[in-house]
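Tertiary structure, described
Chain by chain, the residues run as shown.
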Amino acid sequence: MIDQDTPVIPPELIKTLRAAHSVVVLTGAGVSAESGIPTFRQAQTGLWQKYRPEDLASPEAFRRNPGLVWDWYTWRRGLVSSAQPNAGHYALVAMEHQVSDFTLITQNVDDLHRRAGSRAIIELHGNILRTRCSKEGILVSEWNEAAESPPHCQKCGGLLRPDVVWFGEALPTEALTQAMHAAQQCQVFLAVGTSGLVYPAANLPRIALQAQAVLVEINPQRTELSSVVTYPLAGLSGSILPELVTQTWPK
Ligand code: BV8
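This one's a predicted model, so the numbers in the text were calculated from it and none came from an experiment.

Some thoughts on the pattern of salt bridges
Counted under the stated rule, the structure contains eight salt bridges. In this structure, R52 engages D55 in a salt bridge whose closest nitrogen and oxygen atoms are separated by 3.1 Å. Looking at R52, the relative accessible area reads 48%, which means it is partly exposed. The class for D55 is partly exposed, based on a relative accessible area of 36%. D163 serves as the salt-bridge partner of R132, at 2.6 Å between the closest nitrogen and oxygen. Of this pair, R132 sits in strand β4 (residues 126-133) while D163 sits in strand β6 (residues 160-164), and the two are 31 residues apart along the sequence. Given a relative accessible area of 19%, R132 falls into the buried group.

Rendered as C-alpha cells:
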C-alpha cells in the first residue's frame, strides 16, 4: 500500500532508467534548498534580503562595491559550510554507482555534491569555497580575515574574489564543453531543482532532447522546461530522487 506522500514514479521511466547506460543529471539551487540554502529565486535571508542575487553576483557589482560583494560571499560561505547534504544529494551518489556512464552537471557552487560523495561532477559555475586573486586568477587558500573587505592577494596585491562564475562572465570552457558533450550522448537527462532560466546551462536539457534523450524534470514548480519534458515529476528532490533510485535499482 503506497501512502499518499510516496512520490509516484511512472513504471516506464523506471524501465528506461534501469536499461540506460548513459545518464546525465543537471542540478540547480533547488537540490540544496532542503539543506537550508536559499535558492536564487527565494528572497535572501537576514541583512541580505534587500539585495537580489543577480545584482551582487556580477563583475560590475564587485567593481562598484567589492567589500559588499565579498561580505555577501563570506555570509554564504558560512551558510554552505554549516549546511549538510540532503537525501537528494545522497540519492545521486547511489545513482552514480548504478549507472556505467554517469555525469553530474551542477550550477550550484555550494560543494554539497562533493561532500555527499559524488565524484563525476562538472561545476559549471565554480565553487564558493574556492577563492582566487581577481588579478592573476591564482587560487588562494589563506588571507588576513581581519584585513578590510575584500582582502588582497599577498603575492600581487590584487583583490581576492570567490572562484565562481558571475553573471556576464564566461563559464569555464572545459566544463561547458564536457557538459554539452555529455548532454549530446546521454540516453536519460534529469533536470533537478533548476528554474531553467540561467544560460548557457539552461541549453543543456534542450541539447539532450534534440539528441533524442528521455528528459525528466524534478521540481515542485512548473518551469521553462516543463512543457518539453518527457516526465515532469512534481515534488521535492529530497523525496523524489531517493524514491526514483529505490524503485529503479531495488536492493
Ligand atoms: C554567460 C555563481 C557569456 C554565482 C551563477 C543566453 C546565452 C548566454 C548568456 C545569457 C543568455 N541570456 C542571458 C544571459 C546572461 C546570463 C543569464 O542567463 N541571465 C539570466 C538571469 C537570464 N548568463 C550569464 O551571464 C552566464 N554567462 O553566458 O556569459 C559570455 C561569453 C563569453 C565572454 C563573456 C561572457 C553566467 C551565468 C552564471 C551565473 N552564476 N552562480 C553565485 O552563485 O553567486 S548562476 C546562479 O543562478 C546559481 O548558480 C544558481 O544555480 C542559478 C539559478 O538558477 P537555479 O539553480 O535554477 O536556481 P533558481 O533559484 O533559479 O531555481 C531553483 C529551482 O529549484 C526553482 O525552479 C524551484 O522551484 C526549485 N526548487 C526549490 N526547492 C526545490 C526545488 N526543486 C526540487 N526540490 C526542491 N526541494
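Regarding unusual backbone geometry
If a residue is not glycine, its phi is most likely negative; likewise, a peptide bond is most likely trans. A cis geometry characterises the amide bond from S149 onward to P150, with omega recorded as -10°. Summarising the element assignment, P150 is placed in the loop between β5 (139-140) and β6. Note that the residue after Y199, namely P200, is joined by a cis bond; omega there is -5°. By the secondary structure assignment, P200 is in the loop between β7 (188-192) and α9 (203-210). For Q212, which is not glycine, the phi dihedral falls at a positive 70°. Inspection of the secondary structure puts Q212 in the loop between α9 and β8 (214-219).

Considerations on the nonpolar core
Counting residues in hydrophobic clusters, the biggest one holds 27 residues, and the most contacted among them are V23, V25, M95, L190 and V216. Element by element, the count of residues in this core is highest for helix α10 (residues 237-248), at four residues. If near-sequence neighbours (up to four positions away) are discounted, M95 is found in contact with V23, V25, F102, L241, L244, V245 and W249. L124, V165, L171 and L215 belong to the second-largest nonpolar core, a separate cluster that totals 23 residues.

Brief notes about the site of the ligand
In the vicinity of the ligand lie 35 residues, with R41, Y73, R76, Q107 and S195 positioned nearest. Contact with the protein chains removes 74% of the 1500 Å² of surface that the ligand exposes when unbound. Those elements giving two or more residues to the shell around the ligand turn out to be α2 (30-33) and α5 (66-82). Here the shell around the ligand is composed, by residue class, of 18 nonpolar, 13 polar and four charged.

A few points about the sheet that holds β7
One open sheet accounts for six strands, arranged β3-β2-β1-β7-β8-β9; its pairing is parallel. The open sheet terminates on both sides in strands that have one partner only, identified here as β3 (121-123) and β9 (231-234). In this sheet, neighbouring strand axes are inclined to one another by 15° on average, regardless of whether the strands run parallel or antiparallel. Both strand β2 (residues 101-106) and β3 contribute to a ladder of three bridges, which runs parallel. Across the sheet, the residue bridging to T106 is E123, located in β3.

Structural notes on α5
Its 17 residues give α5 an end-to-end C-alpha distance of 24 Å, which sits within 8% of 24 Å, the value for a rise of 1.5 Å per residue. Taken residue by residue, α5 has P66, G67, V69, W70, W72, Y73, R76, R77 and V80 as its buried positions.

Some details on the sheet that holds β5
Spatially, three strands are ordered β5-β4-β6 in an open sheet, and the strand pairing comes out antiparallel. Since the sheet does not close on itself, it has two edges, and those belong to β5 and β6, each with one partner. When β4 meets β5, the two strands line up antiparallel, connected through two bridges. Note on β5: the bridge partner recorded for T131 is V140. Its contacts with the sheet put α5 on β4 and β6, and the angle it makes with β4 is roughly 140°.

What counts as what
- Residues numbered from 1 in each chain as written.
- Predicted model: local features only at pLDDT ≥ 70, side-chain atom pairs only at ≥ 80, totals over all residues.
- Heavy atoms only, no water.
- Salt bridge = Lys/Arg side-chain N within 4 Å of Asp/Glu carboxyl O.
- Buried < 20%, exposed > 50% of the residue type's maximum accessible area, 1.4 Å probe, protein only.
- Helix = DSSP H or I, 4+ residues; strand = E, 2+ residues; numbered from the N terminus.
- Core = buried A, V, L, I, M, F, W, Y, C linked by side-chain atoms within 4.5 Å.
- Contact = heavy atoms within 4.5 Å.
- Near = heavy atom within 4 Å.
- Areas by Shrake-Rupley, 256 points an atom, 1.4 Å probe, with all protein chains shown as cover.
- Nonpolar A, V, L, I, M, F, W, Y, C, P; charged D, E, K, R; others polar.
- Pairing = 2+ DSSP bridges.
- Axes fitted to C-alpha atoms, helices over the stretch in contact; angles between N-to-C directions.
- Expected span 1.5 Å × (residues − 1).

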